[in-house]
Amino acid sequence: MISVCLVDDQNLVRQGVRSLLDLAEDIRVVAECADGAQAVQDIPRIKPDVVLLDLRMPNMSGLEVLQALSARNELPPTIILTTFDDDQLVLQGLKAGARGYLLKDVSLEQLVEAVRMVAAGGSLVAPMVTQRLMAGVARMQNHFTSLEQPDPLTERETEILRLLSGGYSNKEIANSLKVAEGTVKNHVSNILSKLGVRDRTRAVLKALEMGIV
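What counts and what doesn't
Residues numbered from 1 in each chain as written. Predicted model: local features only at pLDDT ≥ 70, side-chain atom pairs only at ≥ 80, totals over all residues. Heavy atoms only, no water. Helix = DSSP H or I, 4+ residues; strand = E, 2+ residues; numbered from the N terminus. Buried < 20%, exposed > 50% of the residue type's maximum accessible area, 1.4 Å probe, protein only. Contact = heavy atoms within 4.5 Å. Salt bridge = Lys/Arg side-chain N within 4 Å of Asp/Glu carboxyl O. Polar contact = N/O pair within 3.5 Å; in protein donor to acceptor, adjacent residues only side chain to side chain. Axes fitted to C-alpha atoms, helices over the stretch in contact; angles between N-to-C directions. Parallel < 35°, antiparallel > 145°, perpendicular 65-115°, else oblique. Left-handed = near helix turned anticlockwise from the far one by under 90°. Nonpolar A, V, L, I, M, F, W, Y, C, P; charged D, E, K, R; others polar.

*Asks:* Honestly, the overall build of the chain in this entry has me stumped. Any pointers?
*Replies:* Summing up its helical and strand segments, the chain has ten helices and five strands in all. Expressed as a percentage of the 213 residues in the chain, the buried residues total 51%. Pairs at least 24 residues apart make up 69% of the contacts formed inside the chain by residues separated by at least 6 positions.

Right under this line is the structure:
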């Protein structure tokens, strides 16, 4: 059972997302937070498998929630809930540690698939990147806290990075390449080191910036 925490200041949004997730047999909403301060307090205690997080909230924004929990190393896999006009904010959220984003009018199939994918260690970044987000990556390239000229990736590392950008987990990549999962983990560690980034989402953003994927 995948446990989910909903963080949104709009009660109707939380009700709508919960009603969709209730239709999935393997997903259970274990908590709801109506503001960022409550989320920062409750999420480390509840330890949900996945957080669905609105970025635009009064008092404490979703971005501040991401930054606060990341700084304490207490951020579960998190999906941003957004609208069409939040491109720059979404990019900042991805840089702060979110695994991807969904539009608030998401379908049941998309929502359930996204929660399952992120819970399994995957990412939603590249499959859902819009042209405006791609432009945003280019505009923000000077703000990445990563190496200016990363060490070149091997052919296999590039292949794995492209699979990472497709949202696949280590296990799925290992099955696809017919190698051990530990081998994939080693390659991912090398990729992060060479790109000078902390996690898989930043690696995918860096790869987008560099034109690798």
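Read on, since the account is not over.
*Asks:* Would you mind showing me how to read the pattern of salt bridges here?
*Replies:* When their charged atoms lie close together, side chains carrying opposite charge are able to pair. Applying the stated rule across the entire model yields eight salt bridges. A salt bridge links Asp42 to Arg45, with the shortest nitrogen-to-oxygen separation between them at 3.2 Å. Residue Asp42 and its partner Arg45 are located together in helix H2 (residues 36-46), separated by three residues, close to a single helical turn. Salt bridges sharing common partners tie together Arg14, Arg18 and Glu32.

*Asks:* Whenever I open this one, the side chain of Lys194 confuses me. Can you help?
*Replies:* With respect to the helices and strands, Lys194 occurs in helix H9 (residues 181-195). We classify Lys194 as buried; its relative accessible area is 19%. Only 3.2 Å separates the side chain of Lys194 from the backbone oxygen of Pro152, close enough to count as a polar contact. Within polar-contact distance, the side chain of Lys194 engages the side chain of Glu157 at 2.9 Å.

*Asks:* Would you mind showing me how to read the side chain of Arg14 here?
*Replies:* Position of Arg14 relative to the elements: it lies in helix H1 (residues 11-21). At 2.7 Å, the side chain of Arg14 and the backbone oxygen of Asp8 are in polar contact.

*Asks:* Before we go on, may I ask you to explain the packing of H9 against helix H10 (residues 200-210) in this structure?
*Replies:* Helix-helix packing is characterised by the crossing angle of the two axes and by the distance between the axes. In contact at an axis separation of 10 Å, H9 and H10 are set at 55° when each is read in the N-to-C sense. Taken together, the axes of H9 and H10 lie oblique to each other. For the pair H9 and H10, the crossing hand works out as left-handed. Between H9, through Val188, Leu192 and Leu195, and H10, the contact on the second element is made entirely by Arg200, Ala203, Lys206 and Met210. Counted by class, the contact of H9 with H10 contains five nonpolar, no polar and two charged residues.

By themselves, these are just geometric observations and shouldn't be taken as functional.
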